[in-house]
Each structure stands twice: as C-alpha cells, then as structure tokens.
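Read off the chains here:
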Amino acid sequence: MRKKIIAGNWKMNNTLAESVAFINEIKAEIDTEEVDVVVCPNALSTVSVVNLLEGTNIATGVQNVSAENKGAFTGETSAEMVVAAGAKYAIVGHSERRQQHNETNQMVNLKVLKCLEKGVTPIMCVGETLEQRQQDMHFIHIRLQVEEGLKKVENPASVVIAYEPIWAIGTGVCATEKEAEEMCKYIRNVVAGVFSQRDAEAVRIQYGGSVTKDNAKTILNMPNIDGALVGGASLKRDFIDIVHF
Ligand code: PGA
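Residues numbered from 1 in each chain as written. Predicted model: local features only at pLDDT ≥ 70, side-chain atom pairs only at ≥ 80, totals over all residues. Heavy atoms only, no water.

Q: Summarise the overall build of the protein; cite the residues concerned and give the values.
A: Counting its secondary structure elements, the protein contains 11 helices and eight strands. Here the protein has a C-alpha radius of gyration of 17 Å; the compact-globule value for 245 residues is 18 Å, and the two agree. By the burial criterion, 52% of the 245 residues in the protein qualify as buried. For the protein, the share of sequence-separated contacts (at least 6 apart) that also reach a separation of at least 24 residues comes to 74%. Taken as a whole, the protein presents about 11300 Å² of accessible surface, with 51% of it coming from carbon and sulfur. In the protein, 25 positive and 31 negative side-chain charges are present, and the distance between their average locations comes to 3 Å. (Helix = DSSP H or I, 4+ residues; strand = E, 2+ residues; numbered from the N terminus. Rg over C-alpha atoms; globule rule 2.2 N^0.38 Å. Buried < 20%, exposed > 50% of the residue type's maximum accessible area, 1.4 Å probe, protein only. Contact = heavy atoms within 4.5 Å. Areas by Shrake-Rupley, 256 points an atom, 1.4 Å probe, with all protein chains shown as cover. Lys, Arg positive; Asp, Glu negative; His and termini not counted. Charge placed at Lys NZ, Arg CZ, Asp CG, Glu CD.)

Now the structure itself:
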C-alpha cells in the first residue's frame, strides 16, 4: 500500500518572517502520520522551517537543486547543502523551471541522480502543455519526460513523480479526476515498462495543478494518484484541509 504524499510548493512567496509565522500557525494541524507531508519554502527559509518542524512528522523540501557538487555555479544550491540544511526533498524539473530556465529532461535527470546520490528524495515533475494535449501528443511527451528523467535510476520508488499538466498550474483549471488518473496510470505503466511491475506498484505518483481543499478528496481517492503537489492552496490554511482530505 503506497502512502500518500502531500507537498506544498510555496514558489517565490513568503519572506523568512512570513514563513516562520505560517509554519507556526499550521504545523500542529498538518502534523499527521496518515500521509507524508512536505513543505517547500523558499531556500532562504529552509533552515528555519526545518528547525520549526523538528519533532513533527512534517518534512521540508527545496524547490530546486543543482546537478553539480560544488564550485563556480553562482546562485545554485547543491544537494549536499540541502541535506546539511536538514531538508529531505527537492522538487526537480518543475514546469516553471523547465520553461523559465530552459531545464531539459537531461538536466532534470542529472538533478534526480544527484539527489539520490546525496540522499535527497527528488519530486520529479512532468507535464504537458495545452497544445500538446490538444494535438494528442501528451502521452508521448510524458513518456519521454519520465523515461529520460529516470535514466540510470536504480530504484524508481526512491523518486516521487509529480504529474502536473501545465494548463492546470495556477489557472484554477484542475484536471478532472479522470484525466489525472488516466495520466498517473499511464506513468505507472511507463515505469513498469522501463523497470518492472513491482517497481511500478511501489513508485508514488502525485497530481498537481490547481488542487484545492474542494477537489483534493476526489483527486486523491483515485487509485493511481498517490498524493498532491500543491501550489497556491499551500500558502493558505486550506493546506490543512488538503492534508486531511
Ligand atoms: P497550483 O500550482 O496548485 O497553484 O496550480 C501547482 C504547482 O505548480 O506545483
């Protein structure tokens, strides 16, 4: 039985003071053993959030990580630094990084591998544009993202995959539970094809894109959806309701 994993991606929101205040406000209410809960604040808030969450079941993640170990990479954060900060997860290949920072499947793959090498659990995002879906290219696109993203990974269950259709992110247009389930099931089949049926049964696949406290339950009760990656709603008390879907 796969344990659900609900992660909040705060994106470029919340100063350190705001992060601290919000975590103090919600932490008792999102502290549960029923699901894995992860919050991903801005990098400058990571250490403080980790400290505030000590002794709870809530994990901290970062929103991006470098594929390099160290050195002349201005502005980057290494996986080793993520571990040293006490964070356990890293969102990798979010569509905003792919689109705004030209991250390719190959780059995403190197980040995934670096995370695994250093002991960080990657949350690897995949997702198609509206055009790709309209042209019926969404399955082949996602297949490539999954296959290339997981290249040389030994144990795919050590990666969390987040299916986030780009047309659903921040738009208020959540995929229907049927659309989300269809693609998450497809992703599981892709994992089965590359690895094994057993691996496919073990890997956790989240859905993300306009998840709210109102649609979370329907989405999260689908058989192949093992959690949610939540943007906007994770900045509000709504996140509490989502965690307790
Ligand atoms: P959203 O963002 O929930 O605001 O649509 C999801 C995400 O980008 O991870």
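Q: Which residues make up helix α5 (residues 105-118), and what values do they have?
A: The terminal C-alpha atoms of α5 lie 20 Å apart, and with 14 residues this matches the ideal 20 Å at 1.5 Å per residue to within 8%. Residues of α5 that are buried include every one of Asn105, Val108, Asn109, Lys111, Val112, Lys114 and Cys115, and no others. Taken together, the buried residues of α5 touch α3 (79-84), β4 (89-92), α4 (95-100), β5 (121-126) and α7 (138-149). (Expected span 1.5 Å × (residues − 1).)

Q: Any details on the pattern of salt bridges? Residues and values, ideally.
A: Counted according to the given criterion, the structure contains 15 salt bridges. Of the charged contacts in the structure, one is a salt bridge between glutamate 201 and arginine 2, with a shortest N-O distance of 3.6 Å. A residue pair is termed long-range when its members are at least 10 positions apart, and glutamate 201 in helix α9 (residues 197-202) and arginine 2 in the segment before β1 (5-9) qualify at 199 residues. Arginine 143 serves as the salt-bridge partner of glutamate 147, at 2.9 Å between the closest nitrogen and oxygen. Residue glutamate 147 and its partner arginine 143 are both found in helix α7; the two are separated by four residues, about one turn of the helix. What emerges from the salt-bridge pattern is a single network uniting Arg2, Arg188, Glu201 and Asp226. (Salt bridge = Lys/Arg side-chain N within 4 Å of Asp/Glu carboxyl O.)

Q: Lay out the site of the ligand in plain terms, naming residues and giving numbers.
A: Surrounding the ligand, one finds 13 residues, the nearest of these being Lys11, His94, Glu164, Gly170 and Ser210. Glycine 231 is positioned such that a nitrogen or oxygen atom in its backbone is 2.8 Å from an oxygen atom of the ligand. Isolated, the ligand exposes 280 Å² of accessible area, and the fraction of that covered by the protein chains is 95%. Under a 2 Å grid-point criterion requiring more than half of the atoms, the pocket assigned to the ligand is the second largest pocket. Of the residues contributing to the shell around the ligand, the split by class is four nonpolar, seven polar and two charged. (Near = heavy atom within 4 Å. Polar contact = N/O pair within 3.5 Å; in protein donor to acceptor, adjacent residues only side chain to side chain. 1 Å grid on protein atoms, 1.4 Å probe; cavity = no way out; pocket = protein on both sides within 12 Å on 5 of 7 lines; lining within 4 Å. Sits in = over half its atoms within 2 Å of the grid points. Nonpolar A, V, L, I, M, F, W, Y, C, P; charged D, E, K, R; others polar.)

Q: Requested: an account of the side chain of lysine 114, with residues and values cited.
A: With respect to the secondary-structure elements, lysine 114 resides in helix α5. Classification of lysine 114 by relative accessible area gives buried; the value is 11%. When sequence neighbours within four positions are dropped, the list of residues in contact with lysine 114 reads Ser66, Ala67, Glu68, Asn69 and Ala79.

Q: Lay out the side chain of asparagine 109 with the relevant residues and their values.
A: Assignment of secondary structure puts asparagine 109 in helix α5. Classification of asparagine 109 by relative accessible area gives buried; the value is 8%. Polar side-chain contacts of asparagine 109 include one of 2.9 Å to the backbone oxygen of lysine 151. Not counting chain neighbours up to four residues away, the residues in contact with asparagine 109 comprise Glu148, Gly149, Leu150 and Lys151.

Q: Which residues make up the nonpolar core, and what values go with them?
A: General note: in soluble globular proteins, nonpolar side chains tend to be found buried as a group. Judged by nonpolar contacts, the single largest core of 62 residues is most densely connected at Ile30, Val39, Ile161, Ile187, Tyr207 and Phe239. For this core, the element with the highest residue contribution is helix α8 (residues 177-194), accounting for eight residues. Every residue in contact with isoleucine 161, bar those within four places of it in the chain, is listed here: Met124, Val126, Leu150, Ile187, Val191, Val203, Arg204, Ile205 and Gln206. Residues Ala7, Val38, Ile91 and Cys125 belong to the second largest nonpolar core, which totals 12 residues. (Core = buried A, V, L, I, M, F, W, Y, C linked by side-chain atoms within 4.5 Å.)

Q: Lay out the packing of α7 against α8 with the relevant residues and their values.
A: Between α7 and α8, the least distance of the axes is 10 Å, while the angle of their chain directions is 45°. Of the possible angle classes, the one that applies to α7 and α8 is oblique. Of the two possible hands of crossing, α7 and α8 adopt the one that is right-handed. Together, His138, Phe139, Ile140, Ile142, Arg143, Val146 and Glu147 of α7 and Glu182, Met183, Tyr186, Ile187, Val190, Val191 and Val194 of α8 make up the contact between the two elements. Across the contact of α7 with α8, the residue classes tally to 10 nonpolar, one polar and three charged. (Axes fitted to C-alpha atoms, helices over the stretch in contact; angles between N-to-C directions. Parallel < 35°, antiparallel > 145°, perpendicular 65-115°, else oblique. Left-handed = near helix turned anticlockwise from the far one by under 90°.)

Q: Residues and numbers for unusual backbone geometry, please.
A: The phi dihedral of asparagine 102 falls on the positive side, at around 55°, and the residue is not glycine. By secondary structure assignment, the location of asparagine 102 is in the loop between α4 and α5. Looking at asparagine 102, the relative accessible area reads 59%, which means it is exposed. Although it is not a glycine, serine 210 adopts a positive phi angle of roughly 55°. Along the chain, the position of serine 210 falls in the loop between β7 (204-208) and α10 (216-220).

From the geometry alone we can't say anything about function, so treat these as descriptive.
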